[in-house]
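Here is how the chains run, residue by residue.
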Amino acid sequence: MIEVLEREAVEVADDLSAGALLASIRERKAAEERAAADLLELAGRWADLHPPESIHSAATFAVAGCEHEEPIAGVGAPLVAEFCIPELGAVLGMSSTGAKKLIGHALELRHRLPRLWDLVQAGVVPAWRARSVAEVTIHTTPALTPEAAAFVDSQVAAVAGRVAPAQLDRLVAEAIKRYDLATDDPAADPEDGYLAVDPRHVTIDEEDVHFAGTMRVEAELDIADALDLGHAVSRGAAALKALGSAESLDVRRAKALGDLARIQTALDLSAATANDTGTERKPADLPAAREVVIHAHFDASTVGATTEGTRTVFGPTGRIEEGQRLVLLDQVRARCGDSHTKVTIKPVIDLAAELSASGYAIPDRIREQVVLRDRTCVFPWCTRPARRSDVDHIVEFDHDAVAEGRPQPGPTTTSNLACLCRSHHRLKTHTAWRYRMVAPGVFEWTSPHGHHYRRDHSGSSPIAEAQPPDRP
C-alpha cells in the first residue's frame, strides 16, 4: 500500500489548481485511513495464525511496580503467542511493544467492540480513533467483562466513535457500576463502586528525555497533598525570583520542584544552621542534597605540548545514556555545580578494545564496555536501555568444550557479546531468530520468515533482499 501511494504521489501534476490540490489531499487522506483499517485487519489475522500453546507463552504487558501482567486484549479476546509479535513489529519498523499494542487493539475491536470494528472497516470511523477506545477498554481497572465492553461499544458506536477522553471515562465508569464489577472490593462504595479504584500515582517518563535535558513527570495526588505541593512550588518559584532569577515562571516552578526533591526547602544550604546540640553546622557538614550518577560520553582530544604539558579538550556536545539524548557540556557542568552535589567519576573505557574472559561469566569491566558500546537492546527498533538488559553470547557458549578438548565456539569476548532486553533474549534463545555482529555495535538480524534487518547506532533498518532472477 505504501509503495502504491508513493508511486501515485509522483504522478500528481505540478500545475494543479487549488481545488484540485485539495481534492488530491483528501484522496490521500482517505487512502491513509483505509490502509490503517486494513493494517488492523491484517494484524488480527496474524494473531489468528499464532495462538499460544499454553497460558505461559501468551503475550502480555508487564505492569511497572506490580507482580501481575495484563493481557494485550480484554476478557473474551483470544490469546496470542508472544514470540510472533517481534516479527510483525520488525516488518512494520516499530518496537515489539508497538506491535503488541497493534495486535491487542485489533483483537479488542474485533471480539469485544464489534460495532466499532465494523465502522472502522466501513471507513466511517478512523482506525486511530477506534484504537484509542480499545486502549482504554483493555486496561480499565477493574477489568471490563464482555458484557460491560459491549455496553461501551454500543454507546461509542452510536456517536460514530466521536467520544472525548472524559466522556469515555464516564462511559467506562457507568459500565463498571451497571455490571457491579467493583462490588467484590470491601472498600467499594455500593453507590459508586468505580471510585474505589485508587488513581493516585507519580510517574516519571525515563524513556523519553527531551533534547534540552528534561523529563516529563505526571502525578495524581490527594487534593490536600496537591494543594500543599502547589503552594510549596509557588513559594520556591517566588524565592528564586527574589534571588534574582530572570527565568520564566514555569521554569522557576520546575526548578523549585527539583529543590523539593533535594530537601532544599527544608535546609538552607546557603547559610549556617544549628544542630541538636545548639552548635552551628556549616553547609559543608550537611549531607549531599543530590547524589546521582549520570553516564555522559564526550569526544575528547589531546592538545599539543605546552609549557604545562598536554591537556585534554572535550567537545561541546555529547550523549547521555539516560534517555539516549544529546547533552551539552555546559549542562553537565551546571548539574555538577549545584549546591551539595555528589559527583561520581567513572573510569574511561576504550570501546574499541577487545576484552576477553576465560569462563562463561562476564566480568564487570567487559559488561560495562558492551553496555557503553550498544547503548540499547540491539534487537531491531528496541529502545530499552542496555544498562537494564542482559549481556548475551551471540554464539552460544559451550560449557563442555574445555573438558572435551574442543575449541570454544562462543567465547566470552567483546566481539561475541551484545545487550538484549530480557524479552528479546528469550526470543533469540527459544526461536529461530538469529543475529551476528558485522562490526563493533553493528548487528544483522534474520527473522524466522527470512527477513533481514540491520541495527547500528543510527537506528534500525530493513536490509534489501536480493531479487530472484527473472524466469524465461
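No experiment lies behind these values; they were computed from the predicted model shown.

1. Some remarks on the overall build of the protein
Then, in step 1: Check the secondary structure of the protein and you find 13 helices and 19 strands.
Then, in step 2: The buried share of the protein, reckoned over its 472 residues, is 31%.
Then, in step 3: Long-range pairs, those at least 24 residues apart, make up 55% of the contacts in the protein with a sequence separation of at least 6.
Then, in step 4: Counting only carbon and sulfur atoms, one obtains 55% of the accessible surface of the protein, whose full area is about 28900 Å².

2. Notes on the nonpolar core
Then, in step 1: Membership of the largest hydrophobic core comes to 44 residues, with the highest contact counts inside it found for Leu40, Ile103, Leu109, Leu116, Leu144 and Val156.
Then, in step 2: Listing elements by their share of this core, those giving two or more residues are α2 (18-48), α3 (85-92), α4 (96-111), α5 (114-121), α6 (127-139), α7 (146-158) and α8 (165-178).
Then, in step 3: Broken down by element, the residue count for this core peaks at six residues, all from α4.
Then, in step 4: Beyond its immediate sequence surroundings of up to four residues, Leu116 is in contact with Leu109, Val125, Ala130, Val133, Asp153, Val156, Ala157 and Gly161.
Then, in step 5: With 17 residues, the next largest nonpolar core counts Phe379, Leu427, Tyr435 and Trp445 among its residues.

3. Topic: α3
Then, in step 1: In terms of residue burial, α3 counts as a mostly covered element, since six of its eight residues are buried.
Then, in step 2: Listing the buried residues of α3 in full gives Ile85, Pro86, Glu87, Leu88, Gly89 and Ala90.
Then, in step 3: As for α3, its buried residues are in contact with α2, α4, α13 (422-430) and β18 (452-456).
Then, in step 4: With its phi angle positive at about 70°, Gly93 sits one or two positions after the end of α3.

4. Notes on the side chain of His424
Then, in step 1: Mapping His424 onto the fold places it in helix α13.
Then, in step 2: Its relative accessible area of 1% is what places His424 among the buried residues.
Then, in step 3: Residues in contact with His424, not counting those within four places in the same chain, are Pro86, Ser96, Cys377, Phe379, Cys382 and Arg384.

5. Some points on α2
Then, in step 1: Its 31 residues give α2 an end-to-end C-alpha distance of 45 Å, which sits within 8% of 45 Å, the value for a rise of 1.5 Å per residue.
Then, in step 2: When we look at burial in α2, the residues that qualify are Ser24, Ala37, Leu40, Ala43, Gly44, Trp46 and Ala47.
Then, in step 3: Where the residues of α2 are buried, they touch α3, α4, α5 and α6.

6. Quick notes on the environment of Ile362
Then, in step 1: By secondary structure assignment, the location of Ile362 is in the loop between β12 (356-357) and α12 (364-374).
Then, in step 2: Its relative accessible area of 14% is what places Ile362 among the buried residues.
Then, in step 3: Sequence-wise, Ile362 and Leu417 are 55 residues apart; in three dimensions their C-alpha atoms are separated by 9.3 Å.

7. Notes on the sheet that holds strand β17 (residues 442-446)
Then, in step 1: The four strands lie next to each other as β16-β17-β18-β19, forming an open sheet whose pairing is antiparallel. Two strands in the sheet have a free side with no partner beyond their single neighbour: β16 (434-439) and β19 (459-462). Going from strand to strand, the sheet's axes swing by 20° on average, the running direction of each strand aside.

8. Some details on the packing of aromatic side chains
Then, in step 1: A complete count under the given rule lists eight aromatic pairs for this structure.
Then, in step 2: Aromatic side chains Tyr435 and Trp445 sit 4.2 Å apart centroid to centroid with 10° between the ring planes, which places their arrangement in the stacked category. Residue Tyr435 is located in strand β16, and its partner Trp445 is located in strand β17; the two are separated by ten residues in the primary sequence.
Then, in step 3: Here Tyr435 falls in the buried class, since its relative accessible area comes to 8%.
Then, in step 4: Taken together, the aromatic side chains of Phe379, Trp381, Trp433, Tyr435, Phe443, Trp445 and Tyr453 make up a single cluster linked through ring pairs.

9. Re the side chain of Lys100
Then, in step 1: When you line up the elements, Lys100 lands in helix α4.
Then, in step 2: There is no salt bridge for the buried Lys100, and the closest opposite charge comes from Glu82, which lies 6.7 Å off by N-O distance.
Then, in step 3: The residues touching Lys100, leaving out its near neighbours within four places in the chain, are Thr60, Phe61, Ile72 and Ile85.

10. Topic: unusual backbone geometry
Then, in step 1: A cis amide bond links Thr141 to the next residue, Pro142, at an omega of -5°.
Then, in step 2: Mapped onto the secondary structure, Pro142 falls in the loop between α6 and α7.
Then, in step 3: Its identity as a non-glycine residue notwithstanding, Arg375 has a phi of 75°, on the positive side.
Then, in step 4: Topologically, Arg375 is positioned in the loop between α12 and β13 (390-393).
Then, in step 5: Residue classification places Arg375 among the partly exposed positions, given a relative accessible area of 26%.

11. Topic: the confidence of the model for the protein
Then, in step 1: A residue-level look at the protein finds 70% of positions with pLDDT of 70 or above and a mean pLDDT of 80.
Then, in step 2: Overall, residues 185-196 carries pLDDT values under 50, and its contacts beyond four positions in sequence, including any with other chains, amount to eleven contacts.
Then, in step 3: Every residue in residues 466-472 is under pLDDT 50, and counting partners more than four places away or in other chains gives zero contacts.

12. A look at the pattern of salt bridges
Where charged atoms of side chains with opposite charge meet at close range, the side chains can pair.
Then, in step 1: One pass over the full model with this rule turns up 19 salt bridges.
Then, in step 2: Of the charged contacts, one joins Arg112 and Glu108 as a salt bridge, the two residues approaching to 2.9 Å between their closest N and O atoms. For the pair Arg112 and Glu108, one class covers both residues: buried.
Then, in step 3: For Arg115, the salt bridge identified is with Asp153, shortest N-O distance 3.8 Å. Placement of Arg115 in helix α5 and of Asp153 in helix α7 is noted, with a sequence separation of 38 residues between them.

Here is what the cut-offs are and how they apply
- Residues numbered from 1 in each chain as written.
- Predicted model: local features only at pLDDT ≥ 70, side-chain atom pairs only at ≥ 80, totals over all residues.
- Heavy atoms only, no water.
- Helix = DSSP H or I, 4+ residues; strand = E, 2+ residues; numbered from the N terminus.
- Buried < 20%, exposed > 50% of the residue type's maximum accessible area, 1.4 Å probe, protein only.
- Contact = heavy atoms within 4.5 Å.
- Areas by Shrake-Rupley, 256 points an atom, 1.4 Å probe, with all protein chains shown as cover.
- Core = buried A, V, L, I, M, F, W, Y, C linked by side-chain atoms within 4.5 Å.
- Expected span 1.5 Å × (residues − 1).
- Pairing = 2+ DSSP bridges.
- Axes fitted to C-alpha atoms, helices over the stretch in contact; angles between N-to-C directions.
- Phe/Tyr/Trp six-rings, centres within 6.5 Å; stacked < 30°, edge-to-face > 60°.
- Lys, Arg positive; Asp, Glu negative; His and termini not counted.
- Salt bridge = Lys/Arg side-chain N within 4 Å of Asp/Glu carboxyl O.
- pLDDT = per-residue confidence, 0-100.

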